[in-house]
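Understanding the architecture of this molecule
Take a look at the letters that make up each chain.
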Amino acid sequence: MIVKNNSKFMMNKASYMLQMVVLLLVTGCATTPSKWQDISDEGTFFVYRRQSQIGEETYNITSNKDTITVTSIQGENERGRITGVESKLYLTTDLEPISYESRRITSKDTTNIFKMEVNGDQVSIWEKHFEVVTSNKKDAFFAVNSNIPAGIEMMLYQYYFNHEGITSLSTLPRGEVSLTHKGEDIVQIKGEDVALDRYVVEGINWGGRTIWLDKSKNLVALVKANTQIRELIKKGYEEAKPFFIKGNVEEQMAALKKYTTDLKGEQAKVKALVGGDIVDGLSDQILKDMTMIIEDGRIKTIGKRTDVEIPENATVIDVKGKTLIPGLWDMHAHSNQVQWAPAYLAGGVTTIRDNGNELEFATAFRDAIAKDGALGPDILLSGMTDGPGVKGNGIIRARSAEEAKEVVDLYHKNGYEQIKIYTSIEPEILKVLAIEAHKVGMTVTGHVPALVDNANKAVEDGMDMLSHYNRILAVLFPDKKISELGSYFMAKNEITEEQINTAIAFYLKHGTVLDPTLGLGVIRTMQEGELMETIEPDAGKMAYELFEGKRFRSGLNATRAEQAKKDIMKSAAVIGKFYKAGIPVVAGTDNFAPGFGLFLELETYTKYGDLTPLQAIQTATIVPATAMGRGDETGTLEIGKEADIAILEKNPLENIENLRTVEAVVTNGNYYESEPLWHAADFKSKNDK
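Parameters at a glance
Residues numbered from 1 in each chain as written. Predicted model: local features only at pLDDT ≥ 70, side-chain atom pairs only at ≥ 80, totals over all residues. Heavy atoms only, no water. Helix = DSSP H or I, 4+ residues; strand = E, 2+ residues; numbered from the N terminus. Rg over C-alpha atoms; globule rule 2.2 N^0.38 Å. Contact = heavy atoms within 4.5 Å. Buried < 20%, exposed > 50% of the residue type's maximum accessible area, 1.4 Å probe, protein only. Pairing = 2+ DSSP bridges. Axes fitted to C-alpha atoms, helices over the stretch in contact; angles between N-to-C directions. Polar contact = N/O pair within 3.5 Å; in protein donor to acceptor, adjacent residues only side chain to side chain. Phe/Tyr/Trp six-rings, centres within 6.5 Å; stacked < 30°, edge-to-face > 60°. Lys NZ or Arg CZ within 6 Å of the ring centre and 35° of its normal. Parallel < 35°, antiparallel > 145°, perpendicular 65-115°, else oblique. Left-handed = near helix turned anticlockwise from the far one by under 90°. Nonpolar A, V, L, I, M, F, W, Y, C, P; charged D, E, K, R; others polar. Core = buried A, V, L, I, M, F, W, Y, C linked by side-chain atoms within 4.5 Å.

Moving on: the overall build of the chain. Within the chain, the secondary structure is distributed over 19 helices and 30 strands. By the compact-globule yardstick of 26 Å for 689 residues, the chain fits well, its C-alpha radius of gyration being 26 Å. In terms of overall dimensions, the chain has a C-alpha envelope of 80 × 65 × 50 Å along the principal axes. When contacts within the chain are restricted to residue pairs at least 6 apart in sequence, long-range pairs at least 24 apart make up 62% of them.

Here's what the structure looks like:
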């Protein structure tokens with residue numbers, strides 16, 4: 001919790017005393033709360049995002065004869081956004097919670113995130129955007145929010161192990177935390193072997209986190225994910241970061257293996273989907289009462305149910321009254337944990353382009369599915385690459401021509417499809433990255449870098465695909481820098497047909513693929529205090545830990561919210577015109593939530609972009625498949641193509657919102673029903689309110 005138990009490390013008097021107390025508590029040799037009296041200690045955790053240090057957290061623990069006080073201050077400079085979190089936890093000297101408060105500090109304001117207070121037998125919990133909830137105190141509980149600081153999390157584990165024999169610990173306002181011991185690891189610290197115990201913790205974030213404790217149950221390191229991977233490592237242990245990253249990948253792959261064992265089962269070589277209606281993804285014609293034969297993962301036969309002979313060795317699946325469509329693509333994913341695998345499949349998504357992730361995890365995730373037959377969508381990888389400075393994203397940087405060549409070589413050797421350009425790449429380096437990528441058959445995608453500052457120039461410098469509508473639409477103003485246009489420039493300017501036609505001609509000339517992430521733009525129109533459910537009606541069906549992080553958005557003031565809504569509506573209208581002119585537009589969510597984010601994206605295309613349901617579906621099927629060089633293999637339901645299929649309760653051509661009625665999915669020839677997939681990923685039932 002506080003100090004290292006290796007005798008070779010220097011320890012001050014207070015640290016030594018606390019270590020002895022922890023040892024006694026854990027072993028059960030001491031039971032009196034007085035052992036936690038008069039403690040004083042402090043420490044530091046380094047905070048990493050995609051393995052690049054973005055901040056640190058300092059904690060301080062003191063106690064008197066009655067109360068333990070734990071304070072934590074976390075400061076981050078995450079791509080130039082400076083924020084902090086201040087937290088304070090009070091416990092009795094037998095580690096029972098008294099109160100806990102956590103608040104976010106920015107340059108503009110201070111926002112309470114979470115509060116807990118015990119009053120007798122009652123516990124009151126306050127969460128941002130929720131009313132105060134008061135409930136009876138449980139015999140053993142701890143207050144947990146998904147962004148719990150390491151300094152507070154240390155005490156959670158001490159409390160957990162202070163209750164011998166428990167397998168899980170109730171947490172408020174909901175749920176429970178469990179720890180599973182995965183074994184002992186030996187890490188090298190300053191040339192010495194240090195023994196650490198590895199655990200997987202469930203119940204804090206969506207899915208699990210991997211933590212390491214020393215022999216006194218002191219927290220040393222944790223690797224967690226939700227919408228991004230973060231590593232928190234105690235000062236003095238940072239040289240073991242590669243080991244902690246590797247260990248987390250091992251635990252994630254073990255979890256994926258269990259999903260596969262539990263859900264995949266024995267899959268017949270030949271399957272017959274009988275009696276369904278088929279939307280092949282090529283036309284808006286609906287083929288009624290059809291049978292599809294799948295063999296060795298490919299579509300072998302499509303025909304009228306009355307005309308197709310079903311092979312004797314086929315497993316027959318009755319899909320009468322259902323609609324079969326091509327499996328969906330999410331072209332802007334950041335799938336940082338294996339829970340995305342069953343959740344994506346449950347939403348009918350059979351292929352994703354991971355648009356920036358940690359290399360170790362991303363390649364292991366892809367290979368487990370592609371090579372080992374693990375459950376999940378096919379994964380194509382785009383390698384995150386950024387330039388110098390604190391605004392850079394991740395640890396893989398191209399700051400010189402030589403580094404640019406090394407980056408392309410690294411990703412190419414690891415089987416990546418693309419180089420993902422991020423904001424801090426310098427103009428001349430962008431050209432080198434594009435040239436080197438194109439030499440080896442890779443394409444270049446991503447953001448218009450800040451120093452390039454012009455969509456036209458980014459394309460002319462070698463970018464094959466562009467992300468995010470606010471950068472894509474800067475092409476309407478080719479003589480202006482994006483920084484000059486400012487926020488909500490679509491709402492602030494009249495857009496002429498001449499501008500649109502000129503932009504269309506430019507993108508068609510260069511064959512540019514557009515990844516507008518319009519659904520995310522819709523989410524960002526939320527007004528302060530407005531709940532996610534007003535935009536995403538199914539938000540409450542997500543895993544709570546995921547829902548919590550997505551729901552608690554700061555929001556905009558009324559004026560900016562109205563401006564943002566006007567901006568996204570005008571943007572979608574122009575993107576719709578781009579699509580109809582033949583520019584490839586691909587659907588992507590940028591990590592909002594698996595399934596739900598893609599539904600919102602496609603609904604936005606029809607609602608504001610004037611696309612038909614079929615056209616919207618094509619942005620998530622044949623268009624991305626073709627853009628990624630796989631149009632001959634997948635993206636439509638045709639004989640000879642891969643059996644990637646979403647099976648819906650209702651016809652999406654009648655209403656695009658019917659995509660939300662996915663009941664089953666076929667990927668790589670394997671058949672899965674959606675409900676078990678949602679539950680495996682810790683989502684609520686789709687029938688829950």
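What follows covers the environment of L179. With respect to the element layout, L179 can be found in strand β11 (residues 176-189). Judged by relative accessible area, L179 falls into the buried class, the value being 12%. For the pair L179 and G276, spaced 97 residues apart in the sequence, the C-alpha separation amounts to 45 Å. With sequence-adjacent residues up to four places away left out, L179 is seen in contact with Y157, Y160, F161, T167, Y199, V200, V201 and I211.

If you trace the 5 strands from one edge of the open sheet to the other, you get β21-β22-β23-β24-β25, paired in parallel fashion. In this open sheet, the two strands that pair with only one neighbour each are β21 (328-333) and β25 (443-446). Recorded for the sheet is a direction-independent mean angle of 30° between the axes of neighbouring strands. Pairing analysis gives 4 bridges linking strand β24 (residues 418-421) to β25, with the strands arranged parallel. Across the sheet, K420 pairs through a bridge with T445, a residue of β25. Each of β23 (378-385) and β24 is contacted by helix α6 (residues 401-413), which is oriented at about 165° to β23, the strand it contacts most.

Inspection of the secondary structure puts R230 in strand β15 (residues 230-234). A distance of 2.5 Å separates polar atoms of two side chains, one belonging to R230 and the other to E76.

Quick look at the packing of aromatic side chains now. For the structure shown, the criterion picks out 19 aromatic pairs. When the centroid spacing of 5.6 Å and the interplanar angle of 50° are considered together, the rings of F142 and Y159 count as tilted. Pair noted here: F142 is in strand β9 (residues 141-143) and Y159 is in helix α2 (residues 150-162), with a separation of 17 residues, a long-range link. No difference in accessibility class separates F142 from Y159, as the two residues are buried. The interplanar angle of 50° and the centroid separation of 4.8 Å between the aromatic rings of W212 and F244 together place this pair among those described as tilted. Of this pair, W212 sits in strand β13 (residues 208-213) while F244 is found in helix α3 (residues 241-263), placing the two residues 32 residues apart along the sequence. The residues W212 and F244 share a single accessibility class, namely buried. Grouping aromatic residues by their ring pairs yields a cluster made of W206, W340, Y344, F596, F599, W678 and F683. Seen from the ring of W126, K115 lies directly overhead, with NZ or CZ sitting 5.5 Å from the centre. The lysine or arginine in question, K217, covers the ring of F161, its NZ or CZ lying 4.5 Å from the ring centre.

Attention shifts here to the packing of α3 against helix α5 (residues 359-370). Their axes nearest at 10 Å, the elements α3 and α5 cross at an angle of 25°. Here α3 is positioned roughly parallel relative to α5, judged by the angle of their axes. Considering only the axes of α3 and α5, their crossing is right-handed. Together, I245, V249, Q252, M253 and L256 of α3 and E360, F361, A364, F365 and A368 of α5 make up the contact between the two elements. Of the residues in the contact of α3 with α5, the class split is 8 nonpolar, 1 polar and 1 charged.

What follows concerns the environment of R230. Note on R230: relative accessible area 15%, which makes it buried. A sequence separation of 181 residues divides R230 from R49, and the C-alpha atoms of the two residues are 4.7 Å apart. When sequence neighbours within four positions are dropped, the list of residues in contact with R230 reads V47, Y48, R49, I54, E76, E78, L222, V223 and K224. For R230, the side chain forms a polar contact with the side chain of Q228, separated by 2.8 Å.

Counting residues in hydrophobic clusters, the biggest one holds 145 residues, and the most contacted among them are F244, L476, Y507, F578 and F683. In this view, F683 contacts W206, A343, K541, M542, A543, L546, P594, F596 and W678; residues no more than four positions away in its chain are not counted. In terms of nonpolar packing, the next biggest core, distinct from the first, is built from 44 residues, F114, V144, I148 and M154 among them.

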